[in-house]
Amino acid sequence: MKKYLLPLFMLLACEINEVKPPEPVHPIPSERQLAWHELEYYGFVHFNMNTFSDMEWGMGDESPVQFNPTELDTRQWAKVVKDAGMKGIIITAKHHDGFCLWPSAYTEHSVKNSPWRDGEGDLIKELAEACSEFDLKFGIYYSPWDRNHADYGKPEYITYMRNQLTELLTNYGDIFEVWFDGANGGDGYYGGANETRRVDKKSYYDWENTFALVRELQPNAVIFGDAGPDVRWVGNEHGFAYETTWSNLLRDSVYAGMPEYSDLYATGQENGTHWVPAEADVSIRPGWYYHAYEDHKVKTLPQLLDIYYKSIGQNSALLINFPVDRRGLIHEKDA
């Protein structure tokens, strides 16, 4: 009898191997999204001209001379983030005021005209190197709105924006996330015009081709925006997701900066057409930028633990912000 058992077992094994796995229930995540999901928890650094003008949103008329951190140490940032168990850092390379933390070839409104490092500094390069040393992922925040640039609101500005994105996405190694702010248009300096400029948030930035540029230059990077395409805003700045937070989103129904986004779309949708998971962003202080008057308002450990449970514990990633101070360090109380 035993001589018949092996062929029978082999026949059954062949039949079992022919059974195909069930078809996936769409939408499903991409490879870059799966890698992002594994990170769970990473740091945001708001440090730019606003740090020195003591504002949250600068007007764009600030002088580069104001930018002068006295003890800047990106390795200190990386160590604090690494010791806290985070997996990466996203830096505000350019905020709404248009000041650039790298020596961009396309504007004079950058660190190259500041006293810091005698105008020879490149903060993006320094942070990218620190992240590499501490085995952290490196990400870029870039504000589409620019209150400094004279061409903002015109077609020429889109060329400027893409030229700067090309600099950021080709000169500093691998980027894990490209973060586009949804705040767009309003009053500003605009090269001396000192006026209010509004843009059509749906069409002005030609997002389809702007996203295509990011894909070309950094194919493994996820793109963050209110509507994704890869990662979406959780809809508040408390760091809280929702008791039911879907990774699915009706992506074609939303756009960056739409007024009704938080109320109607931020939770995701069970019948969502695209996989666009949520990212919960929150600052360790009331403001996103450093203000000395908030030194006594740093969130406590119980508050941070509650945020941890209500973000990662409710199906979103957690992006926690450290407002680097005027020295160029994460403040002792924050650390």
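Below is a short write-up of the structure.

Calculation notes
- Residues numbered from 1 in each chain as written.
- Predicted model: local features only at pLDDT ≥ 70, side-chain atom pairs only at ≥ 80, totals over all residues.
- Heavy atoms only, no water.
- Helix = DSSP H or I, 4+ residues; strand = E, 2+ residues; numbered from the N terminus.
- Buried < 20%, exposed > 50% of the residue type's maximum accessible area, 1.4 Å probe, protein only.
- Contact = heavy atoms within 4.5 Å.
- Lys, Arg positive; Asp, Glu negative; His and termini not counted.
- Charge placed at Lys NZ, Arg CZ, Asp CG, Glu CD.
- Pairing = 2+ DSSP bridges.
- Salt bridge = Lys/Arg side-chain N within 4 Å of Asp/Glu carboxyl O.
- Polar contact = N/O pair within 3.5 Å; in protein donor to acceptor, adjacent residues only side chain to side chain.
- Core = buried A, V, L, I, M, F, W, Y, C linked by side-chain atoms within 4.5 Å.
- Arc of directions from axis to C-beta.
- Axes fitted to C-alpha atoms, helices over the stretch in contact; angles between N-to-C directions.
- Parallel < 35°, antiparallel > 145°, perpendicular 65-115°, else oblique.
- Left-handed = near helix turned anticlockwise from the far one by under 90°.
- Nonpolar A, V, L, I, M, F, W, Y, C, P; charged D, E, K, R; others polar.

This part is about the overall build of the protein chain. Tallying secondary structure elements over the protein chain gives nine helices and twelve strands in all. Seen through its C-alpha atoms, the protein chain measures out along the principal axes to roughly 90 × 45 × 35 Å. When the 335 residues of the protein chain are sorted by exposure, 53% land in the buried category. Sequence separation of at least 24 residues holds for 73% of the intrachain contacts in the protein chain that already meet a minimum separation of 6. Charged side chains in the protein chain number 30 positive and 51 negative. The centres of these two groups are separated by 4 Å.

Regular strands have side chains that alternate between both faces of the sheet. Within strand β1 (residues 41-46), six of the six residues are buried, which leaves it mostly tucked inside the rest of the structure. Relative to strand β12 (residues 316-323), β1 runs parallel, the two sharing six bridges. Pairing of Phe44 across the sheet is with Asn321, part of β12.

With respect to the element layout, Glu279 can be found in strand β11 (residues 278-283). Despite its burial, Glu279 pairs with no opposite charge; the closest candidate is Arg232, at 11 Å N-O. Within polar-contact distance, the side chain of Glu279 engages the side chain of Tyr42 at 2.4 Å.

Residues Phe67, Trp77, Ile91, Ile124, Phe138 and Tyr142 are the most contacted members of the largest nonpolar core, which totals 66 residues. With seven residues, helix α6 (residues 155-170) is the largest single contributor of residues to this core. In this structure Phe67 touches Phe47, Asn48, Met49, Phe52, Phe99, Leu101, Val111, Ser114, Pro115, Trp116 and Leu123, once residues within four positions along its chain are discounted.

Let us look at helix α2 (residues 31-39). For α2, the full list of buried residues reads Gln33, Trp36 and Leu39. Viewed along the axis of α2, the buried residues span an arc of 100°, placing them on a single side of the element. In α2, the exposed positions angled more than 90 degrees off the buried face are occupied by Glu31 and Glu38. Positive backbone phi, at 65°, marks Glu40, one or two positions downstream of α2.

For the rest of this paragraph, the subject is the environment of Pro21. Checked against the element boundaries, Pro21 lands in the loop between α1 (2-17) and α2. Separated by 115 residues in sequence, Pro21 and Leu136 place their C-alpha atoms 36 Å apart.

For the rest of this paragraph, the subject is the sheet that holds β11. What the eight strands build is a closed barrel, ordered β1-β2-β3-β4-β7-β8-β11-β12; its pairing is parallel. Shown here is a sheet whose adjacent strand axes are inclined to one another by a mean of 25°, direction ignored. Looking at chain direction, strand β3 (residues 137-142) and strand β4 (residues 177-180) are connected through three bridges and run parallel. Directly across from Tyr141, in β4, lies its bridge partner Trp179. The sheet strands contacting α6 are β2 (88-94), β3 and β4, and the helix crosses β3 at an angle near 165°.

With that settled, consider the pattern of salt bridges. Evaluated as defined, the whole model comprises 16 salt bridges. Of the charged contacts, one joins Asp83 and Lys79 as a salt bridge, the two residues approaching to 2.7 Å between their closest N and O atoms. You can see Asp83 and its partner Lys79 sitting in helix α4 (residues 74-83), four residues apart, about one turn around the helix. One network of salt bridges, with partners in common, ties together Arg285, Asp295 and Asp334.

Interaxial distance between α6 and helix α7 (residues 207-217) falls to 10 Å at its minimum, and their mutual angle equals 20°. The orientation of α6 relative to α7 falls into the category roughly parallel. Viewed along their axes, α6 and α7 form a crossing whose handedness is right-handed. Contacts between α6 and α7 pair Met161, Arg162, Leu165, Thr166, Leu169 and Thr170 from the former with Asn209, Thr210, Leu213, Val214 and Leu217 from the latter. The residue inventory of the contact of α6 with α7, partitioned by class, reads six nonpolar, four polar and one charged.

This part covers the pairing of β11. Of all six residues in β11, six are buried, a share of seventy percent or more. Of the two faces of β11, both are covered, the one formed by Ala278, Ala280 and Val282 as well as the one formed by Glu279, Asp281 and Ser283. Of the strand pairs in this sheet, strand β8 (residues 231-233) and β11 are connected by two bridges, and their pairing is parallel. Opposite Arg232, over in β11, you have Ala278 as the bridge partner. Here six bridges tie β11 to β12, and the two strands are oriented parallel to one another. Following the sheet pairing, Ser283 is matched in β12 by Asn321.

Here we take up the environment of Leu101. On the secondary structure map, Leu101 appears in the loop between β2 and α5 (123-133). Spatially, the C-alpha atoms of Leu101 and Asn48 are 7.0 Å apart, while their sequence positions differ by 53 residues. If we ignore the near neighbours within four places in the chain, the residues touching Leu101 are Phe47, Asn48, Phe67, Ile91, Thr92, Ala93, Val111, Asp122, Leu123 and Ile124.

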